Amino acid sequence: MSNTYSLLIRGGKVMLPEGMQQVDIAVEGEKIVEIGPSLSGSADREIDATGKVVFPGTFDGHVHFDEPGRTEWETIKDGSAGLAAGGGTTFIDMPLNSSPCLLDKEEFQKKYDIASHDSYTDFGFWGA
């Protein structure tokens, strides 16, 4: 029986508990469902990673994207674009650098609306 995946990453070098190995990575939806050499099956999308190292996305739990209020310093759009360019998938923004600070439901909603529209990555917010 042949599997069909949403994504197959073929032939990448991956650090596993046994050490660095050249393997295929099968993804279904947003989950890795199988890792192994020369996986059988097909996919909606395949990536040839031969000769490349495959890393998981990074997570930054302490950023200061100063929006709303201090957009001349850094916006959510600019900050998340930089994060994504470096392999980041998620950020958690600190509560006190925005102006006004993220202290209540109203300010949370403002920041959430901006991030929902402008962020290139997943996100969350620390509250104060």
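Keep in mind that this is a model prediction, so the values were computed, not measured.

S.K.: What is the right way to read the sheet that holds strand β1 (residues 4-16) from this model?
M.R.: Taken in spatial order, the four strands line up as β3-β2-β1-β4 in an open sheet, and their pairing is mixed. The open sheet terminates on both sides in strands that have one partner only, identified here as β3 (31-36) and β4 (42-48). Going across the sheet, the axis of each strand differs from the next one's by a mean of 30°, ignoring polarity. Pairing of strand β2 (residues 19-28) with β3, which is carried by five bridges, proceeds in the antiparallel orientation. If you follow E28 over to β3, its bridge partner there is K31.

S.K.: Explanation requested: the pattern of salt bridges in the structure shown.
M.R.: If charged atoms from side chains of opposite charge come close, those side chains can pair. According to the stated counting rule, one finds four salt bridges in the structure shown. R10 is the salt-bridge partner of E46, the closest N and O atoms lying 3.3 Å from each other. On the criterion of sequence distance, the pair formed by E46 in strand β4 and R10 in strand β1 is long-range, its members being 36 residues apart. Owing to a relative accessible area of 44%, E46 belongs among the partly exposed residues under this scheme. In this structure, K110 engages E107 in a salt bridge whose closest nitrogen and oxygen atoms are separated by 3.3 Å. Residue K110 and its partner E107 are both found in helix α2 (residues 105-118); the two are separated by three residues, about one turn of the helix. Residues joined by salt bridges that share partners form a network here, namely R10, D24 and E46.

Each value, and the rule that gives it
- Residues numbered from 1 in each chain as written.
- Predicted model: local features only at pLDDT ≥ 70, side-chain atom pairs only at ≥ 80, totals over all residues.
- Heavy atoms only, no water.
- Pairing = 2+ DSSP bridges.
- Helix = DSSP H or I, 4+ residues; strand = E, 2+ residues; numbered from the N terminus.
- Axes fitted to C-alpha atoms, helices over the stretch in contact; angles between N-to-C directions.
- Salt bridge = Lys/Arg side-chain N within 4 Å of Asp/Glu carboxyl O.
- Buried < 20%, exposed > 50% of the residue type's maximum accessible area, 1.4 Å probe, protein only.

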